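Given next are the chains, with one letter for each unit.
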2 protein chains.
Amino acid sequence: MQSNNKTPRYLEEFHPPARILMGAGPSNVNPRVLHAMTAPLLGHLDPDFIRVMDDVREMLRIVFQTTNVTTLPISGTGSAGMEAALVNILEPGDTVVVGINGYFADRISQIATRCGATVHIVNAPWGHPLDPKAMEAEVKKHPKVKVVAMVHAETSTGVQNPVAEIAQIAHRHGALALVDTVTSLGGIEVAIDRWGVDVCYSGTQKCLGCPPGLAPITFGPRAEEVLKSRKTPVQSWYLDVTLLRSYWSENRAYHHTAPISMIYGLREGLRVVLEEGLEARFQRHSRNAQALWAGLEALGLRLFAQEGVRLPTLTAVHIPDGVSDTQVRSALLRQYNIEIAGGLGPVAGKIWRIGLMGENAKPSNVVTLLSALEEILPKMGYEVAKGEGVAAAQRALAA
Amino acid sequence: MQSNNKTPRYLEEFHPPARILMGAGPSNVNPRVLHAMTAPLLGHLDPDFIRVMDDVREMLRIVFQTTNVTTLPISGTGSAGMEAALVNILEPGDTVVVGINGYFADRISQIATRCGATVHIVNAPWGHPLDPKAMEAEVKKHPKVKVVAMVHAETSTGVQNPVAEIAQIAHRHGALALVDTVTSLGGIEVAIDRWGVDVCYSGTQKCLGCPPGLAPITFGPRAEEVLKSRKTPVQSWYLDVTLLRSYWSENRAYHHTAPISMIYGLREGLRVVLEEGLEARFQRHSRNAQALWAGLEALGLRLFAQEGVRLPTLTAVHIPDGVSDTQVRSALLRQYNIEIAGGLGPVAGKIWRIGLMGENAKPSNVVTLLSALEEILPKMGYEVAKGEGVAAAQRALAA
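Below, the structure is looked at part by part.

Here is what the cut-offs are and how they apply
Residues numbered from 1 in each chain as written. Chains lettered and ligands numbered in written order. Predicted model: local features only at pLDDT ≥ 70, side-chain atom pairs only at ≥ 80, totals over all residues. Heavy atoms only, no water. Axes fitted to C-alpha atoms, helices over the stretch in contact; angles between N-to-C directions. Helix = DSSP H or I, 4+ residues; strand = E, 2+ residues; numbered from the N terminus. Parallel < 35°, antiparallel > 145°, perpendicular 65-115°, else oblique. Left-handed = near helix turned anticlockwise from the far one by under 90°. Contact = heavy atoms within 4.5 Å. Nonpolar A, V, L, I, M, F, W, Y, C, P; charged D, E, K, R; others polar. Buried area = accessible area lost by both parts, 1.4 Å probe. Salt bridge = Lys/Arg side-chain N within 4 Å of Asp/Glu carboxyl O. Polar contact = N/O pair within 3.5 Å; in protein donor to acceptor, adjacent residues only side chain to side chain. Pairing = 2+ DSSP bridges.

**With respect to the packing of helix α12 (residues 325-336) of chain A against helix α13 (residues 363-379) of chain A**
Residues and elements named next belong to chain A.
Step number 1: At a minimum axis separation of 10 Å, α12 and α13 run at an interaxial angle of 125°. By the angle class used here, α12 and α13 are oblique. Crossing handedness for the pair α12 and α13: right-handed. On the side of α12, the interface is formed by V328, A331, L332, Q335 and Y336, while α13 contributes L369, A372, L373, E375, I376, L377 and K379.
Step number 2: Partitioning the contact of α12 with α13 into residue classes produces nine nonpolar, one polar and two charged.

**So, the interface of chain A and chain B**
Step number 1: Listed by partner, the interface residues are 76 residues for chain A and 76 residues for chain B.
Step number 2: When the buried area of chain A at its contact with chain B is split by residue, A:Y10, A:R114 and A:W237 rank highest and sum to 13% of it.
Step number 3: Across the contact surface, chain A and chain B share 10 salt bridges.
Step number 4: A salt bridge links B:D46 to A:R19, with the shortest nitrogen-to-oxygen separation between them at 2.5 Å.
Step number 5: Put simply, chain A and chain B have 31 residue pairs in polar contact (both at pLDDT 80 or more) between them.
Step number 6: Those elements giving two or more residues to the side of chain A that touches chain B turn out to be α2 (47-64), α3 (78-89), α4 (103-114), α10 (260-276) and α12 of chain A.
Step number 7: Element by element, the count of residues in the side of chain A that touches chain B is highest for α2(A), at nine residues.
Step number 8: Its residues assigned to classes, the side of chain A that touches chain B shows 39 nonpolar, 18 polar and 19 charged.

**Some details on the sheet that holds strand β13 (residues 341-342) of chain A**
Residue and element names in this part refer to chain A.
Step number 1: Taken in spatial order, the three strands make up an open sheet running β11-β14-β13, and their pairing is antiparallel. Whereas interior strands pair on both sides, the edge strands pair on one side only; in this sheet they are β11 (314-318) and β13.
Step number 2: Note: β11 against strand β14 (residues 351-355), five bridges, orientation antiparallel. Paired with H318 across the strands is I351, a residue of β14.

**Observations concerning the side chain of A:S75**
Step number 1: Mapped onto the elements of the fold, A:S75 is located in the loop between β2 (70-74) and α3.
Step number 2: Polar side-chain contacts of A:S75 include one of 2.7 Å to the side chain of A:H256.
Step number 3: Setting aside residues up to four positions removed in sequence, A:S75 forms contacts with A:G213, A:L214, A:Y238, A:H256, A:P259, B:S75 and B:G76.

Given below as structure tokens:
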């Protein structure tokens, strides 16, 4: 019997392959987190859900290393966190200095421009860190800089920027320090209060080990003053932190329906982080990255980020001459179920980006990827000494 | 042995009670949807995830009854959908007419104001529908109205507005029709193309039977023209539909990291909707609402919304004189695990709001709630003829 009525694909079940997500995020998630998301839904004003909200805020403060009252998850992904940080602090006509050494700092400048701010850019070469002296020189040029913005861990290059030092410069000139920690929070140290960071946001899908969909954010006392003294309404109602704070604190004033299941997941993800302990977690990220770097270099590959400022959470590596970016990534995905990321913007086709974030920062992933590269690269015309990448990683892990 | 080191609550496991969510949303979710969210994460540019995106768009078009190319889920809750609709269409100085007969239409006017638009309001009493004649009279007063905005199913009052008629008026005067279907999509008919709606958004947590966190949105050809001819950038980068469309269509240009697990859930929720069939689903919502109304009236309670324009998905009912709003709702929650909602704004303390949305529009919920009210209300000083509410609902269901 033949039928012309083929069932449309969307009515079929979907069973995704079990990938090892070593791209720039999302990262794999602890099964406990996915399980927590299946708990029965509660209403967004249910007293039992309010306990969950309180727990999440308390744990976010520990992870951000802050006592900031206004610490909560924005109901959107990391980019919504970036936008929330900027729209709440900026008003039309404000002056912002942005340090740009990658794709995501450029996004900050784009969003600040959409807020009506005047944006002054201090560039550093991709792969190098921001230069605090150059930042200070730029800040000094303008009569009233409101915000100095930067990305702590630049996901596009694998570089770590000197946040504490630049935050001090901002304060010395009466400006706020606004920092993106999307690829650092939960993976390397982020010390909001000690560093004097005034506004900071992150995402859940990288080193916090949750699915994408929420953006933890925190506003310090200086930032709170700015919120209070605004002359114009925040241009985004959805991201207006003064309204959000009213829902997330004792007031419980209804704003929008919180993404209940995602917040269950975040609570569980934060529990996993705190059970491991921040210090142990940072060490684990560092140890595995050292092993990955040793392995890549043993295969003759060159790391993109300068030594000394490399992110353990995200490693950028030069694609060898003559090797096809997409063929290698496609072979990794199709034959080994491993995702790594390509380059963004000016380094598209020139670098790969390898994430070791949250759950994924573990020896088996380091070794599995190096082993796969040892098999794939020779087929693409790049000879490697087979086994040497894995062996170098093993030695680093044993050290 | 005694210890001063009490484990903080946030490190304990959390097991929410299994509530029947008959408030104004979120609603309970089909277990298939929660299960789908536990599938292994994929990267947001993984070819296998792109198939999921395509499936979701195709099913959203069926549910919206549209062929609009730009149909996709916004990565935020229903309010993010509202903001996305407005920020993409409006520029500073534009003129908007908003029909307001409830809380959520008022929110539209607030967000439109934050977009720099001049907002003209046409009020109708809460509990009554918008008056198309009054809407047209207001539109005629202003030289160039860009948008006529309204809420299809007003969650704050349980009233359904005459969308198709008002959309025609908008077009007659060269304006776009912008419609909120947060409490209608998937529960009662929403026919974007036939009604001539130009911009429409909804939420996943009500009649679509998914957790909160995504906002389906659709832009028709007239709205696309407006997007193309904007003179200023959209004030929100995160919600800029021209950028989002580029990621959700063939281009696949990276914008932000999609909330992967939520989109798995939406795909499964839409499959559930289409397996049931839209027409059958609308009938189920209607049949159960009729039973609820019969039951409430049999208990002597008065419905808030005018007859003929009542929403099957959300029923507002007057709180009887002398009965405490919060005591009744608290008893329902604590003793019966049933959530219903109170009134918002001017009707706080005066009405209850009872949702029968998605999975929850079923006889067992109608009967369970009526039975609980029959037990609780007499304890609060309001006598009822026990069993008559349930019996009336049963008769309506059998009819």
